[in-house]
Amino acid sequence: MTTELERAARGARQAAAQAAASGQSVVGIVGRDVPALLVVAAGARPFRIAPHDEPTDEADAVMGRAVDRAAARVLAAALSGSLDFLTGIFVSRDSEASVRLFYTLQQLNRRGRFTVPVHLVDQVHQNRESTIRYNTYQLAQMWEAVERWTAVPITARSLWQAYVAVADVRGQLESARTERRANRRVGTVSLYGYRVACALPPAESLPLLQTALAEQSLAEQTRTDATSPFPVFLTGSAPLGDEVYRAVEDAGANVVAEDHDWGDPILSDRLPANIDAPKDDLLRELALGRLRGAPASASSTMAARAEATRDGIRTSGARGLLSVVRPYDEAPAWDWRRQSELAGVPAVMLRGDEAEDPDRIARAVESLRAAS
Amino acid sequence: MTRLESATAALAYQRQWFAGLRDSVAAGRPYALVNADAPQEILRAMGIPYVVNQWWASIVTAKQVAPQSLEVVARTGYPDDSRQYDVLALGSRGLSAAEAPWGGLPKPDLVLAELSGDATGKVFEAWTDDPSIGYFAYERTAAIPPAGPWWELAPRRWNEVFGRERIELMADENRLLIEFLEQRTGRVFDLARLEAVMALINEQEEYNLRTRDLIAAARPAPVRVSDTIPAVMIPQWHRGSEWGRDAARTLRDEVAALVDEGAAVTVPERTRLMWVGRGLWSDTSMYRRFEDEFGAVFVWSMYLAIAADGYIRYGSDAITALAARFVGITDLLYAPPLAPEWYVKEARGHGVNGVVHLVADDVPGASFITLALEEAQIPVLEIRASNADPRTLDLGWVEALMTEFISGLQR
Ligand code: SF4
Ligand code: SF4
């Protein structure tokens with residue numbers, strides 16, 4: 001059954017392009033580390049770019065093949081012209097692949113092969129005062145860039161409005177997360193929810209999320225504990241689409257929590273507590289929000305990841321740990337040793353070209369269930 | 001022609017130095033393992049000896065125990081197909097006494113790295129599986145477009161090349177490293193010592209700059225790249241010592257004498273080549289064959305050139321000057337637009353007929369280097385390989401590609 005939420009997730013790019021055609025500024029976002037708050041406050045429509053498009057030969061030739069497919073897919077989208085409607089693109093410094101993508105887009109800009117302006121939000125990730133200062137500066141640069149792109153100044157009022165709108169969406173996502181942790185909401189729906197929240201403006205995503213939550217509770221009343229799917233915590237590479245989640249569900253299990261940047265970690269990055277603070281303080285709070293958020297594999301220590309995974313398994317009630325790691329996504333395989341040691345539940349890692357193959361995932365789920 | 005005396009001397013010194021390091025560690029003194037892209041000068045100034053991770057990896061590779069070292073890594077539960085070169089030192093700690101090169105790498109007291117890529121930090125964190133080993137990490141920030149030719153601006157106007165905020169971040173981290181080292185070793189940092197180290201390094205690199213310019217201008221090429229590499233690299237690992245500075249001066253003198261004599265690697269010299277990317281210099285016979293059969297000589301490698309252009313920093317604030325040296329050192333070699341512009345300048349300066357570009361997996365922006373060279377009308381052979389993993393590189397294939405390329409240039 002294709003829900004409205006899923007349709008909205010799949011149609012997000014088209015909706016963004018239509019908004020752009022009707023004169024609205026749409027700002028593209030790559031990765032979790034770019035705060036959409038500033039984009040909304042500058043009067044633009046934030047659109048986080050999902051790795052939809054199949055990589056092309058040109059993308060591989062320009063960026064090299066040895067890079068995570070997620071970045072290659074975004075580059076393929078840029079090269080195909082299907083992102084030309086954007087006013088600008090902010091790229092997170094969340095992984096080597098993103099940095100590579102940024103350098104590549106910047107060079108394509110210089111050569112006129114791609115004309116949408118690109119800006120790297122170079123936030124780094126150690127919890128140190130020097131890092132916080134640098135990241136605050138990076139957000140100030142982002143602030144300037146988005147004002148330049150949209151020609152709309154960020155004001156105290158626009159910030160406040162953006163804050164309220166973004167906070168409402170987060171509230172919906174948080175309720176959905178609670179349902180899911182009780183294994184009353186399936187992983188795919190949750191994934192669509194996060195995608196919608198990141199790819200549509202708050203005014204459009206909020207009603208969709210509200211409806212989905214209400215429908216979910218209705219469906220719930222008819223289910224019994226005996227039919228509860230086996231709860232799994234998903235780690236490893238951020239999924240390209242919903243295939244991994246579907247494969248888990250088809251195997252009679254459910255991804256009840258995850259630690260990739262299209263999932264629960266989005267909610268771990270807190271909004272500033274005091275939106276009326278002076279600009280520097282506000283940006284510092286925003287930088288801290290991300291630094292104190294859930295550790296991402298490519299930018300944190302193995303120790304921090306292992307602890308976060310253990311905590312995530314506990315709070316979600318997961319009974320198995322599944323890691324799906326794509327080629328050229330180096331970090332998750334390093335995390336695995338300590339993650340699996342600390343997990344406290346059976347753990348399986350799939351790696352390589354076939355990691356996302358539904359049959360392999362089904363077998364992995366089966367072995368987790370058998371061991372638990 | 002015979003081997004450069006500077007090269008022979010450097011290789012001998014390195015053996016002797018390493019034996020001394022092992023003795024010092026056996027006597028209970030601390031030492032650090034450092035990744036090449038992280039600043040080492042503070043350790044030098046504090047009298048804490050260090051081994052450069054990539055140097056040790058080259059020894060492990062040369063002694064052909066890289067596969068065994070990677071097996072050790074896999075047995076520990078870490079991937080053996082990621083950051084293979086960076087992880088060789090860690091794996092080599094598990095080699096048997098019979099296998100371990102040079103008596104083996106002693107256990108470091110601390111490891112130091114920059115968070116480049118997604119996994120370098122994890123490779124170094126893995127050392128802390130032994131809780132007695134300390135770990136310090138520098139952030140890695142992204143390159144910005146420079147205000148002009150970086151090789152002219154970097155020695156004094158570094159903010160215009162790298163950005164003030166990036167440099168300030170790294171300078172702050174230098175201060176944190178000093179605190180970390182003082183706490184762990186009980187030694188006291190002395191700024192005057194660091195200033196002396198920085199001055200010695202500028203002298204050393206000024207000699208390298210002259211050596212590079214001599215080789216660039218000489219026709220025919222007076223020295224082989226495979227010879228200048230140890231004569232430059234080993235002193236680079238000892239940057240900031242008097243021996244390092246003196247070794248660079250000796251190399252300059254030796255090259256100058258060879259130029260005066262009209263020495264030639266190959267007569268007649270028909271094709272001048274440049275090697276971009278990590279080197280495959282261990283197989284010297286391959287390069288000899290190109291010299292003998294084609295009169296083709298490699299006149300350039302990044303090791304001497306980056307020593308000449310990448311390191312010199314004149315400034316009264318040593319902590320900041322040090323940050324300005326390291327904040328973008330890898331960007332200069334790999335990131336666009338810094339790297340492509342530089343390779344074009346070097347290719348022209350050395351009058352090369354063609355470039356062999358070895359593209360490693362983990363290098364960003366490689367295609368823009370090739371593109372920039374081709375746009376400057378310089379033919380490029382791109383070899384796509386992971387030269388990090390000894391198990392995946394087929395030298396026969398590389399040689400065949402290069403033979404075809406050189407024949408094409410001479411047609
Ligand atoms: S889940 Fe897949 S199909 Fe759906 S919107 Fe995202 S990328 Fe597109
Ligand atoms: S000098 Fe030679 S052996 Fe030593 S690290 Fe450099 S290339 Fe390797």
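The model shown is predicted, which means the values in this text are computed figures rather than measured ones.

1. Some points on the overall build of chain B
Secondary structure summary: chain B contains 19 helices and 8 strands in total. Here the C-alpha radius of gyration of chain B, 21 Å, is about what a compact globule of 411 residues would show, namely 22 Å. Residue pairs in contact within chain B that sit at least 24 positions apart in sequence constitute 79% of those at least 6 positions apart. Carbon and sulfur atoms make up 50% of the accessible area of chain B, which amounts to about 14700 Å² in all. With 40 positive and 56 negative side-chain charges, chain B shows a separation of 3 Å between the mean positions of the two kinds.

2. Concerning the pairing of strand 5 (residues 230-236) of chain A
Within a regular strand, side chains alternate between the sheet's two faces. Residue and element names in this part refer to chain A. Burial analysis of strand 5 places 7 of its 7 residues in the buried class, which makes it a mostly covered element. Burial along strand 5 is two-sided: F230, V232, L234 and G236 facing one way and P231, F233 and T235 facing the other are all buried. Sheet analysis places strand 5 next to strand 6 (residues 253-258), joined by 5 bridges and oriented parallel. When the sheet's bridge partners are listed, F233 is paired in strand 6 with A257. Handedness of the strand 5-helix 11 (residues 243-250)-strand 6 crossover: right-handed.

3. Here we look at the packing of helix 11 of chain A against helix 16 (residues 358-371) of chain A
Residues and elements named next belong to chain A. Interhelical geometry of helix 11 versus helix 16 gives an angle of 50° and a closest axis separation of 9 Å. On the basis of their axis angle, the class for helix 11 and helix 16 is oblique. Here helix 11 runs over helix 16; the crossing is right-handed. Between helix 11, through V244, A247 and V248, and helix 16, the contact on the second element is made entirely by P358, I361 and V365. Considering only residue class, the contact of helix 11 with helix 16 consists of 6 nonpolar, no polar and no charged.

4. Re the pairing of strand 1 (residues 26-30) of chain A
All names here are of chain A. Taking burial as the measure, the 5 residues of strand 1 include 5 buried ones, the bulk of the element. Burial along strand 1 is two-sided: V26, G28 and V30 facing one way and V27 and I29 facing the other are all buried. A crossover connection joins strand 1 to the parallel strand 2 (residues 45-48) through helix 3 (residues 36-41); in handedness this β-α-β unit is right-handed. Relative to strand 3 (residues 88-92), strand 1 is paired through 4 bridges, and the arrangement is parallel. Among the inter-strand pairings, G28 is bridged to a residue of strand 3, identified as I89.

5. Let's talk about the site of ligand 2
Residue and element names in this part refer to chain B. Taken together, W55, S58, I229, P230, M233, I234 and W237 form the complete shell of residues around ligand 2. When residues of the shell around ligand 2 are traced back to their parent elements, those giving at least two are helix 3 (53-62) and helix 11 (225-237). Partitioned by chemical class, the residues of the shell around ligand 2 number 6 nonpolar, 1 polar and no charged.

6. Comments concerning the interface of chain A and chain B
On the side of chain B, 48 residues touch chain A, which itself brings 41 residues to the contact. Between chain A and chain B the total buried area reaches about 3800 Å² when both faces are included, carbon and sulfur atoms providing 50% of it. When the buried surface of chain A facing chain B is broken down by residue, Y103, W334 and R337 of chain A rank first, second and third, together holding 21% of it. Linking chain A with chain B are 10 salt bridges. The shortest N-O distance in the salt bridge between E125 of chain B and R338 of chain A comes to 3.5 Å. Put simply, chain A and chain B have 27 residue pairs in polar contact (both at pLDDT 80 or more) between them. Elements with a contribution of two residues or more to the side of chain A that touches chain B: helix 4 (57-63), helix 6 (96-110), helix 7 (129-150), helix 14 (302-316) and helix 15 (331-342) of chain A.

7. Side note on empty space enclosed by the protein
Residue and element names in this part refer to chain A. Enumeration according to the criterion identifies 9 cavities of 30 Å³ or more in this entry. Here the largest cavity defines a volume of roughly 520 Å³. As for the largest cavity, its lining consists of 29 residues, and the residues nearest its centre are V34, P35, A36, R170 and I266. Elements represented by at least two residues in the lining of the largest cavity include exactly helix 3, strand 2, helix 8 (156-181), helix 9 (187-199) and helix 13 (279-291).

8. With respect to the site of ligand 1
Near ligand 1 the following residues occur: A9, R10, H52, R195, L240, G241 and D242 of chain A. When the residues that make up the shell around ligand 1 are grouped by side-chain class, the tally is 2 nonpolar, 2 polar and 3 charged.

9. Side note on the sheet that holds strand 1 of chain A
Residue and element names in this part refer to chain A. Sheet architecture is open: 4 strands sit in the order 2-1-3-4, paired in parallel fashion. A strand with exactly one partner marks an edge of an open sheet, and here the two such strands are strand 2 and strand 4 (118-121). Strand-to-strand twist in this sheet, taken as the mean axis angle between neighbours without regard to direction, amounts to 25°. Bridge count between strand 1 and strand 2: 4 bridges; the pairing is parallel.

10. Some remarks on the nonpolar core
Among the nonpolar cores identified, the biggest contains 212 residues, and F47 and L322 of chain A together with V51, W55, W56, Y343 and M402 of chain B are the most heavily contacted of them. With 8 residues, the single largest contributor to this core is helix 5 (residues 69-80) of chain A. Formed jointly, this core draws a minimum of three residues from each of two domains, domain 1 (5-188) and domain 2 (193-410) of chain B. Residues contacting W56 of chain B, with those up to four places away along its chain left out, are F18, V51, A89, S92, P101, W102, G104 and L105 of chain B. Membership of the second largest hydrophobic core comes to 28 residues, among which are V34, L38, F90 and A140 of chain A.

11. With respect to the sheet that holds strand 8 (residues 380-384) of chain B
Residues and elements named next belong to chain B. Across the sheet, which stays open at both edges, the 4 strands sit in the order 6-5-7-8 with parallel pairing between neighbours. The sheet is open, and its two edges are formed by strand 6 (296-300) and strand 8, each paired on a single side. Going across the sheet, the axis of each strand differs from the next one's by a mean of 30°, ignoring polarity. Pairing between strand 5 (residues 271-276) and strand 6: 4 bridges, direction parallel. Along strand 6, the bridge assignment pairs M274 with W300.

12. Details of the domain arrangement of chain B
Residues and elements named next belong to chain B. Segmenting chain B into domains produces domain 1 (5-188) and domain 2 (193-410). For domain 1 versus domain 2, the separation of C-alpha centres amounts to 21 Å. Note on domain 1 versus domain 2: buried area summed over both sides is about 4500 Å², and carbon and sulfur give 67% of it. Taken together, domain 1 and domain 2 are joined by 4 salt bridges. Ionic pairing is found between R140 and D331, a salt bridge with its closest N-O pair at 3.1 Å. Summed over the shared surface of domain 1 and domain 2, the number is 17 residue pairs in polar contact (both at pLDDT 80 or more). Counting only elements with at least two residues in the side of domain 1 that touches domain 2, the list comes to helix 1 (5-26), helix 2 (41-45), strand 2 (50-52), helix 4 (66-76), helix 7 (150-153), helix 8 (159-162) and helix 9 (164-185). When residues of the side of domain 1 that touches domain 2 are assigned to their parent elements, the largest contribution, 8 residues, is made by helix 1. Residue classes in the side of domain 1 that touches domain 2 are distributed as 32 nonpolar, 6 polar and 11 charged.

13. Side note on the packing of helix 1 of chain B against helix 12 (residues 242-261) of chain B
All names here are of chain B. Two elements in contact, helix 1 and helix 12, have axes whose closest approach is 9 Å; the angle formed by their N-to-C orientations is 160°. Between helix 1 and helix 12, the angle is such that the two are roughly antiparallel. On helix 12, the residues that touch E5, S6, A10 and Y13 of helix 1 are W243, T250, L251 and E254. Classifying every residue of the contact of helix 1 with helix 12 gives 4 nonpolar, 2 polar and 2 charged.

14. As for the environment of R83 of chain B
Residue and element names in this part refer to chain B. Inspection of the secondary structure puts R83 in the loop between helix 4 and helix 5 (88-92). Residue R83 is classed as buried on the basis of its relative accessible area, which comes to 12%. Separated by 36 residues in sequence, R83 and A119 have C-alpha atoms that sit 7.1 Å apart.

15. Points about helix 9 of chain A
All names here are of chain A. Taking 1.5 Å of rise per residue, 13 residues should cover 18 Å, and helix 9 covers 18 Å from first to last C-alpha, within 8% of that figure. Of all the 13 residues making up helix 9, 12 are buried; the element is thus mostly covered by neighbouring parts of the structure. Of all the residues in helix 9, the buried ones are G187, T188, V189, S190, L191, Y192, G193, Y194, R195, V196, C198 and A199.

Definitions and limits used
The numbering scheme is per chain: residues are counted from 1 as the chain's sequence reads. As they are written, the chains are lettered A onward and the ligands numbered 1 onward, keeping that order. With the structure being a predicted model, the display of local features is reserved for residues of pLDDT at least 70 and the display and counting of side-chain atom pairs for 80 or more, all residues being used for whole-chain, interface and lining totals. Each side-chain value is derived from all of the structure's non-hydrogen atoms; neither hydrogens nor water enter the calculation. The way it works is that DSSP assigns letters per residue, a run of H or I at least four long becomes a helix, a run of E at least two long becomes a strand, and they are numbered from the N terminus. For this measure, only C-alpha atoms enter the radius of gyration; the expected value for a globule follows 2.2 Å times N^0.38, where N is the number of residues. Throughout, a contact is declared for two residues whenever any of their heavy atoms are within 4.5 Å. The protein chains shown are the only cover counted for residues, whose accessible areas, like all others here, come from Shrake-Rupley with a 1.4 Å probe. Neither His nor the chain ends contribute to the count of charged residues, in which Lys and Arg are positive and Asp and Glu negative. Charge placement uses NZ in Lys and CZ in Arg. For Asp and Glu, CG and CD serve respectively. Under the scheme applied here, a residue whose accessible area is under 20% of the maximum for its type counts as buried, over 50% as exposed, and between as partly exposed, the area being computed with a 1.4 Å probe on protein chains only. In this description, strands pair whenever DSSP reports at least two bridges between them. Orient the strands so they point away from the viewer, and a crossover whose first-strand-to-second-strand path over the helix runs clockwise is right-handed. An axis is simply a line fitted to the C-alpha atoms; with a helix, the fit covers only the stretch in contact. Between two such axes, the angle follows the N-to-C directions and lies from 0 to 180 degrees. Each angle receives one of four descriptions, namely roughly parallel if under 35 degrees, roughly antiparallel if over 145, roughly perpendicular if within 65 to 115, and oblique otherwise. Throughout, a crossing is termed right-handed when the near helix is turned clockwise from the far one, and left-handed when it is turned anticlockwise from it by less than a right angle. Polarity classes work like this: nonpolar for Ala, Val, Leu, Ile, Met, Phe, Trp, Tyr, Cys and Pro, charged for Asp, Glu, Lys and Arg, and polar for all others, with Gly in that last group. The near set for a molecule or strand comprises every residue that places at least one heavy atom within 4 Å of it. The term buried area refers to how much accessible surface (probe radius 1.4 Å) is lost by two components on association, counted for both of them together. Criterion for a salt bridge: a side-chain nitrogen of Lys or Arg within 4 Å of a carboxyl oxygen of Asp or Glu. In protein, a polar contact requires one atom able to donate a hydrogen and another able to accept it; more generally it is a pair of N or O atoms within 3.5 Å, and residues adjacent in sequence count only if both atoms are side-chain atoms. Note on definitions: the grid is 1 Å and covers protein atoms alone; a cavity is a set of points where a 1.4 Å probe fits but cannot get out; a pocket is an open set with protein on both sides within 12 Å along at least five of seven lines; lining residues have an atom within 4 Å of a point. Grid points are joined across faces, edges and corners, and a volume is the space filled by probe spheres set on the points. Buried residues of nine kinds, namely Ala, Val, Leu, Ile, Met, Phe, Trp, Tyr and Cys, make up a nonpolar core once their side-chain atoms join them within 4.5 Å. For each domain, the first and last residues come from an automatic or database assignment. What a helix should span is 1.5 Å times the count of its residues minus one.

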